[in-house]
Amino acid sequence: MDKIGKPERATQNRVVRLFREQLGYTYLGHLADKPDNSNIEAPQLTRYLLAQGYDYDQISKALDKLQTTANNHGQDLYHNNKAVYQLLRYGVQTKTEAGLPTDTVHVLDWRHPENNDFYIAEEVTVFGEKEKRPDIVLYVNGIAIGVLELKNSRVSIGEGIRQSLVNQQPAFIGAFFSTLQIIFAGNDAEGLRYGTIGTPEKFFLKWKEDEADDSGYQLEKYLARMCNKQRLIELMYDFVLFDGGIKKLPRAHQYFGVKAAQAHVRRKEGGIIWHTQGSGKSIVMVLLAKWLLENNPHARIAIVTDRDELDKQIERVFRDAGEAIYRTHSGRDLMAQLGQTKPRLLCSLVHKFGRRGVDDFDAFIEQLQSQPCYAVGELFIFVDECHRTQGGKLHKTMKALLPGAVFIGFTGTPLLKKDKATSLEVFGKYIHTYKFNEAVEDGVVLDLVYEARDIDQRLNSQQKVDEWFAAKTKGLNDFQKAELKKKWGTMQNVLSSKSRMDKVVTDIVGDFSVKPRLSSEMGNAILVASSIFEACRYYELFQATELKGKCAVVTSYNPHSRDITTEETGANTETDKQVIYNTYETLLKGVKAEPGKTRTESYEDRVKKLFVDEPANMKLLIVVDKLLTGFDAPSCTYLYIDKSMQDHGLFQAICRVNRLDSDDKKFGFIVDYKDLFKKLVNEKGTGAIQVYTEALDYDQFEAKDCDILLQDRLTKGREWLDHALEEVELLCEQVEPPKGDLEYMRYFCGNPELPEDLKVREVQRTALYKATANLLRAYANIGDDMEAAGYSQSASEHIKNRVNHYLDLRNYIKNAANEKIDLKAYEADMRYLIDRYIQAEESVVISPFADMPILDIIEKSGIAEAISSLPDGIRANREAVAETIENNVRSHIIKNHLLDPAYFEKMSKLLDEIIKQRKQNALNYQEYLQKIADLARKATAAQPDDMPTSLNTKAKRVLYGNLGKNEALALQINDAVMDSKQDGFRGNQAKENAIKYAIYKVVNDVEEVERIFAIVKQQSDY
């Protein structure tokens, strides 16, 4: 019978056999004793080039240039590797004689992978500063392009990765890696990981393909897929990026996303690529653009986004990847560039496709459609964050400007049902999807942890508020008083009191003291405020804390003196705009505008760079809308939300904290002060992120269905508009002819100088205001699609004029009745009320996902309390309750299995039996709850019942359970470990070996030593 954990040699033999027999590589043998192993094997490369028809002079020159480039001691490994890659990809320029033309020697045949010579060698001794010996080296035409470090299945795959990282250092055999394109590490237990030169251990990747195939070891499965000759050549040619000093290979989802998109663009079909936030959409964009420009000589690509921040990011990503890209600076410039043959690659803001001003838009579209500016070449439009940018008139403008262009949308969030019609009309079906749960499972992004905190506010003196209203509203009529009270109610419910904001600030500052990731100064946070005014108030409050100088405001505001020219009320108080302006003037004091930037832009660029690069020096950014999309900061760990958000905006915002960083960042944390938790839970009690990852049904629609969906939407929109217009027309029908200003005023106001006349006609005026508001909303809904909704040009113009007429009428009547009020003069007083009379309580954690896990609740308070802690949607369903508790128990067992394999194996079997009995209805619900609660307590306590008294430590008890309940042997092993262990033995090979040797002297079995040591290593007693 085979033993668990075959030796490394057995694994290596299988891998070599795979390459020789299945993949067709030529075996070069063991090269441990070969004295001149090189990353460029001249005999093999010469043989290949001769077969391609090159002469010896060309080959000699090419070899010399290739070797010189690979061994340039004046550059580091990254730049040498990049220079070699250019020669491999584009050929080596040689000149055999002066005066003769330059020849290009192609050392690899990219177009015909089968024409290349593939080799594999074992134990390749390389002599550098220090001698090293990679387990396996892969060569193509004699050029080393891959290394593979193999480990015994009992040894972590990380050890193989670290081995390659050490080998890349100049002090070892770094020069050998100058030709390497892919670096593998693997074992039989964990499978295969891959990276390239300079890839840190935490960013080594795992391939994912044909998951249902479990016919053998994952190690061989994925080596066979990635090192297949066709695939390997393709990966090197189309999927290698040098991105701003970092060499990158694709993740599996990026590779398959690009492959799917290639098929679409070949057919000139658009579509949507949905890859979840943080999974590398920009890389997919770059790889697809590179492939398209290289394989279609007529292709032109315009990358469109809706925010300046994202536009700059796209430009930077492409430039860092070595792709020349032109960033347009105006609509005229954009169209001028598209009308020429070059540049082939552009980026632009979507707003540059249109003109501002609704009044001119219909005529503008008509002009474009009659005389479109056709772009030169075959145009492909890549639209970033396509769920936001492609509705209404912007899309109509782009279609009018660019007839025949193929649109490909990129998004990090799924298109929700309300976006379905628009997305199908614009782009078509999904090209490829990579959902949030897949990214978490693959280790591409971190999982998110939610914590809802409630800060209650109460009015502590209604009498004072009433007195204030009475004093301040003496000169106002009933309508104006009602408007002011309405404003007060809105501010009371929506805006934060100073007391409440103080509590939030205290909360956040406290987190920076006690939360490990924040207190270590390795991580930082973003606070999302409801408005620019609140962001400025928060900033001022933080200036009185330890975060002073380490917090900043980033909003869309840019101060201009004209912002406050009409704000002064003469009451020695500040309006909202004055507060904002004065705050910005203070924080921008001393900031000098960089070339081409405003002072605000210069300030924001500096604080964002500090936030990303030096989290200890920029701990908190206060934002409103900016930085919630397209801003990647691995250090960002906490997102504090004090703003009502939903759908795409909420999902994108929370994903600011899911980026991978150092090992101490295990999760992204969301702290919710706005009770958004209910928006993150669907009716079944599952998280919104799970809703985002559910199977999509959009692809069930055929292309013809798009017209039906559009028609349905416009039909309903037309019905609404017609009804709204009819309603307001009927309301005004009784106005006396000729229906001029005077007639309208008499009908809706009577004599405005007589209060009783205004009072009598108040019902008519209220009806007019409501009907006009409804008409405006109805018109805005389809105003850009009047023709598609079935209106003739003359009918569209008539309706537009009627809408404008009733808008003017409403404003006229409000003025005549003195029912308009400028609330600026009252802002400061109302804010004083909020700050003075609304008191906030300390924050309380209200999220069911608080720090105490469900098993702890069962252990400390019982099963009833545990069930009551669950969300309503789960608690109401017995099946959901059972599955929730079972999943928690299962998770605990799996997580702690290595601590005590025998005990937790027993717990796992008990759990399986209880679940089986529940599903077979062999237990009633109360019996089930009692059994699962008992099991949960046992699993949490991890304390077997039949334990000898001599085993007085947890480690001894674990050894006893895993050594066949042999009390004497458990005590012997414990003594051996205690006598041989040294401080810091974990991860130190020499110290670990000392313990293993001590155990070996007791059990005299190598395999048993490894098994026991794996358990010993997990025990905190040691």
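Everything here concerns the structure above.
Chemist: Is there a simple way to think about the packing of aromatic side chains in this case?
Modeler: Two aromatic rings, taken as a pair, are described by how far apart their centres are and by the angle between their planes. Overall, the coordinates contain 21 aromatic pairs when judged by the stated rule. Where W110 meets Y237, the ring centres are 5.1 Å apart and the plane angle is 35°; that geometry is what we call tilted. In this pair, W110 is assigned in the loop between strand 3 (103–105) and strand 4 (118–122) and Y237 in helix 7 (residues 229–238), connecting sequence segments 127 residues apart. Like Y237, W110 is buried. Through successive ring pairs, a cluster of aromatic residues spans Y194, W207, F239, Y255 and F256. A cation sits over an aromatic face here: R89 above Y237, 3.9 Å from the ring centre. Directly above the ring of Y791 sits R718, whose terminal nitrogen or CZ lies 4.2 Å from the centroid.

Chemist: Got a minute to help me understand the pattern of salt bridges in this structure?
Modeler: Pairs may arise between side chains of opposite charge once their charged atoms sit close together. Under the definition given, this model contains 39 salt bridges. In this structure, R231 engages E209 in a salt bridge whose closest nitrogen and oxygen atoms are separated by 3.1 Å. Of this pair, R231 sits in helix 7 while E209 sits in the loop between strand 10 (191–195) and helix 6 (218–226), and the two are 22 residues apart along the sequence. Assigned by exposure class, R231 and E209 land together as buried. Between D613 and K609 there is a salt bridge; the shortest N-O distance is 2.9 Å. Here the residue D613 and the residue K609 both occupy positions in helix 23 (residues 599–613), the gap between them amounting to four residues, near one helical turn. Judged by its relative accessible area of 45%, D613 falls in the partly exposed class. Residues joined by salt bridges that share partners form a network here, namely E594, K597, D605 and K608.

Chemist: I'm lost on helix 4 (residues 77–90) in this one. Help?
Modeler: In an α-helix, one full turn covers 3.6 residues, which means residues spaced three or four apart are oriented alike. Between its first and last C-alpha, helix 4 extends 20 Å over 14 residues, near the 20 Å set by a 1.5 Å rise per residue. G91, located one to two residues past helix 4, shows a positive phi value of around 95°.

Chemist: Whenever I open this one, empty space enclosed by the protein confuses me. Can you help?
Modeler: One water molecule sets the probe size; rolling that probe over the atoms shows where empty space is left. Counting across every chain of the model gives two cavities of 30 Å³ or more. Of the voids in this model, the largest cavity is the one considered here, and its volume is about 70 Å³. Lining of the largest cavity is provided by Q181, I182, Y194, M226, L232, L235, M236, L249 and P250. No other element matches the three residues that helix 7 contributes to the lining of the largest cavity. Across the lining of the largest cavity, the residue classes break down as eight nonpolar, one polar and no charged.

Chemist: Teacher, can you tell me more about the sheet that holds strand 14 (residues 299–305) here?
Modeler: Strand order in the open sheet formed by seven strands is 15-16-14-17-18-13-19, with parallel pairing between adjacent strands. Single-partner strands in this sheet number two, and they are strand 15 (326–327) and strand 19 (430–434). As defined by bridge partners, strand 13 (residues 271–275) adjoins strand 19 across four bridges and the pair is classed as parallel. Counted as the bridge partner of W274 is T433 from strand 19. Of the strands in this sheet, strand 13, strand 17 (378–384), strand 18 (406–411) and strand 19 touch helix 8 (residues 252–266), which is tilted by about 175° from strand 19. Docked against the sheet, helix 9 (residues 281–295) engages strand 13, strand 14, strand 16 (345–349), strand 17 and strand 18, running at close to 175° with respect to strand 17.

Chemist: Quick question: what am I supposed to make of the sheet that holds strand 4 here?
Modeler: Strand pairing in a sheet relies on backbone hydrogen bonds. The paired strands run either parallel or antiparallel. Here six strands make up an open sheet; going across it, the order is 1-4-7-8-9-10 and the pairing mixed. Either end of the sheet is taken by a strand with one partner, and the two such strands are strand 1 (26–30) and strand 10. Each adjacent strand pair in this sheet contributes to an overall mean axis angle of 20°, direction not counted. In terms of strand pairing, strand 9 (residues 182–187) meets strand 10 through five bridges, oriented antiparallel. Within strand 10, the residue paired with F184 across the bridge is Y194. Sheet contacts for helix 1 (residues 8–22): strand 1, strand 4, strand 7 (136–140) and strand 8 (143–150); angle to strand 4, the most-contacted strand, approximately 165°. Where helix 5 (residues 157–167) meets the sheet, its contacts fall on strand 8, strand 9 and strand 10, and the angle it forms with strand 9 comes to roughly 150°.

Chemist: I keep staring at the nonpolar core and nothing clicks. Help me out?
Modeler: One broad trend across soluble globular proteins is that nonpolar side chains are buried collectively. Judged by nonpolar contacts, the single largest core of 108 residues is most densely connected at F184, L223, I303 and F382. Ranked by residue count, the leading element in this core is helix 9, at 10 residues. The residues contacting F382, other than those within four sequence positions of it, are M285, L288, A289, L292, I301, A302, I303, V304, I408 and F410. Core analysis: the second largest hydrophobic core is formed by 71 residues, Y434, V554, L621 and V623 among them.

Chemist: Is there a simple way to explain the environment of R517 in this structure?
Modeler: Looking at the secondary structure, you find R517 in helix 20 (residues 516–519). Taking the relative accessible area as the measure of exposure, R517 reaches 5% and is therefore buried. Taking the C-alpha atoms as reference points, R517 and Y638, separated by 121 residues in sequence, lie 9.1 Å from one another. Beyond its immediate stretch of four places on either side in the chain, R517 contacts M522, G523, P634, S635, T637, D661, S662, D664 and K665. Within polar-contact distance, the side chain of R517 engages the side chain of S662 at 3.1 Å.

Analysis parameters
Residues numbered from 1 in each chain as written. Predicted model: local features only at pLDDT ≥ 70, side-chain atom pairs only at ≥ 80, totals over all residues. Heavy atoms only, no water. Phe/Tyr/Trp six-rings, centres within 6.5 Å; stacked < 30°, edge-to-face > 60°. Helix = DSSP H or I, 4+ residues; strand = E, 2+ residues; numbered from the N terminus. Buried < 20%, exposed > 50% of the residue type's maximum accessible area, 1.4 Å probe, protein only. Lys NZ or Arg CZ within 6 Å of the ring centre and 35° of its normal. Salt bridge = Lys/Arg side-chain N within 4 Å of Asp/Glu carboxyl O. Expected span 1.5 Å × (residues − 1). 1 Å grid on protein atoms, 1.4 Å probe; cavity = no way out; pocket = protein on both sides within 12 Å on 5 of 7 lines; lining within 4 Å. Points joined across faces, edges and corners; volume = space filled by probe spheres on them. Nonpolar A, V, L, I, M, F, W, Y, C, P; charged D, E, K, R; others polar. Pairing = 2+ DSSP bridges. Contact = heavy atoms within 4.5 Å. Axes fitted to C-alpha atoms, helices over the stretch in contact; angles between N-to-C directions. Core = buried A, V, L, I, M, F, W, Y, C linked by side-chain atoms within 4.5 Å. Polar contact = N/O pair within 3.5 Å; in protein donor to acceptor, adjacent residues only side chain to side chain.

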